[in-house]
Amino acid sequence: MTNLQGRIVLRDRVVTGNISFGEIISDIEAGNLSNKDPQYYILPGFIDGHVHGGDGADTMDGAEAIEKLSRFHMHHGTTTILPTTITRPWKEILDSLRAVKEVRQKGLADLPDIRGAHLEGPFISSKKLGAQPPFNIMPKAEVLQEMIDLDIVRVITIAPEVEYIEQAVPLLTKAGIRVSLGHTACSYSQAQHALQITYTHHGVVGGTHLFNAMGGIEGRAPGLAGAILDDDKAYAEMIFDTHHVHPVNFRLAHRQKPDHLLFVTDAMRGAGMPEGESELGGQKVIIKNGCVMGMNGHLAGSVLTLDQAFRNALVHGATLPEATRLVSTNAAQYQGLTDRGEITLGKRADFVVMNANMQVEQVWIAGKRRV
């Protein structure tokens, strides 16, 4: 049995005490410290459901790169990760998904839990590609079945207005895949239609990087962002590097969806690397002042890590428990991961230990220290 002592960040409060655990948490004892220094904060492990790369590696590069980017993000507190594809020719995407599955099946001890993949594209709107290359296609049943048969995709980004969506959603929800609406020029009514199709087939809906690649909210045109924010059941990703989303819009969204807003990094290969020229999806991008821009002038992913997103939330008004739900608890709920996402008895012993400056000091996964 292992013990950690410090300030334990629970779902709704912070307590000083001791956690005892093996693979799962067996005891939480508040107010009983055997040493005098409770300056460390103990949080549940972070969950990143949308991350393309880091440390010079990208999901599309193959198994070795997936291991490298996952290891990088683990050092920033991520204990559960969904390596994320980008819109490329379908064969390349399938190869990348096979690579994610290969790494997952290895179960390497020095990596976070690679639960599966997030398929971002190619079933998106040509009007809202953002930094995605123009290889978008329609979600026909035979194409989707190739992907479903691999049994590795856990979240899929799809535009509500694409052809065949009424046939696609039942296939996806039956396979247990979360339907994340995004990269879209859809109207509010089209967004509502996609939401209702998904709920009719007992699916779970998210919004891919809220406010980005989906248009804004206008007085008479709420669009997808308005539909997601107005729907009590829908979850919403957010890239909170303060480049993709203004802090005011973060606070508005957080106030509206405190238990359904979840941070993702959308990090690309340049995360953790020097600023300058990099690459995303075969396209040149420039990293400058913590911002990634494509040659078309669009934001092109991020160099964010979840520990930085967590700190950004604190700076812009979130309490410790609230910020913790944004990087852990809400994502676990969205993905249906009932065994993790908060510090409570019986949950997996996934922890991030941070110092008084909220820098990562230790990372534990299923009771084993990894960092």
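Further up the page is the structure itself.
Reference entry: report on the structure contained in this document.

**Let's talk about unusual backbone geometry**
Inference 1: Cis geometry marks the peptide bond from Gly121 to Pro122; its omega dihedral reads 15°.
Inference 2: Within the fold, Pro122 resides in the loop between strand S10 (117-120) and helix H3 (141-149).
Inference 3: Look at Tyr164: it is not a glycine, yet its phi comes out positive at around 75°.
Inference 4: Look at Asn289: it is not a glycine, yet its phi comes out positive at around 55°.
Inference 5: Position of Asn289 relative to the elements: it lies in the loop between strand S17 (283-288) and strand S18 (291-294).
Inference 6: The exposed category is assigned to Asn289, whose relative accessible area is 59%.

**With respect to the environment of Gly62**
Inference 1: Relative to the assigned elements, Gly62 resides in the loop between strand S7 (57-58) and helix H1 (63-74).
Inference 2: It is 37 Å that separates the C-alpha atoms of Gly62 and Gly226, two residues lying 164 residues apart in sequence.

**Some details on the sheet that holds S18**
Inference 1: Pairing in this open sheet of three strands is antiparallel, and the strands run S16-S17-S18 from one edge to the other. The open sheet terminates on both sides in strands that have one partner only, identified here as strand S16 (276-280) and S18. Pairs of neighbouring strands in the sheet enclose a mean axial angle of 35°, with direction left out of account.
Inference 2: Where S16 lies against S17, five bridges are found, and the strand directions are antiparallel. Residue pairing across strands places Leu280 opposite Gln283, the latter belonging to S17.

**Observations concerning the packing of helix H5 (residues 188-200) against helix H6 (residues 223-230)**
Inference 1: Put simply, H5 and H6 touch, their axes get as near as 7 Å, and they point 45° apart. Taken together, the axes of H5 and H6 are oblique relative to one another. At the point where H5 passes H6, the crossing takes the right-handed sense. Each of Tyr188, Ala191, Gln192 and Leu195 in H5 lies in contact with H6, whose residues at this interface are Gly223, Leu224, Ala227, Ile228 and Asp230.
Inference 2: Looking at the contact of H5 with H6, its residues break down into six nonpolar, two polar and one charged.

**A short note on helix H8 (residues 306-315)**
Inference 1: The element H8 is extensively covered by neighbouring structure, given that seven of its ten residues are classed as buried.
Inference 2: Immediately downstream of H8, the backbone of Gly317 shows phi near 110°, a positive value.

**Considerations on the packing of helix H2 (residues 90-106) against H3**
Inference 1: Two numbers describe how H2 lies on H3: the axes approach to 10 Å, and their chain directions differ by 20°. Considered as vectors, H2 and H3 are oriented roughly parallel to each other. Considering how the two elements wind past one another, H2 and H3 form a crossing that is right-handed. Residue-level inspection shows Trp90, Leu94 and Leu97 of H2 in contact with H3, the latter providing Val143, Glu146 and Met147.
Inference 2: Tallied by class, residues from the contact of H2 with H3 come to five nonpolar, no polar and one charged.

Reading the values: rules and limits
Residues numbered from 1 in each chain as written. Predicted model: local features only at pLDDT ≥ 70, side-chain atom pairs only at ≥ 80, totals over all residues. Heavy atoms only, no water. Helix = DSSP H or I, 4+ residues; strand = E, 2+ residues; numbered from the N terminus. Buried < 20%, exposed > 50% of the residue type's maximum accessible area, 1.4 Å probe, protein only. Pairing = 2+ DSSP bridges. Axes fitted to C-alpha atoms, helices over the stretch in contact; angles between N-to-C directions. Parallel < 35°, antiparallel > 145°, perpendicular 65-115°, else oblique. Left-handed = near helix turned anticlockwise from the far one by under 90°. Contact = heavy atoms within 4.5 Å. Nonpolar A, V, L, I, M, F, W, Y, C, P; charged D, E, K, R; others polar.

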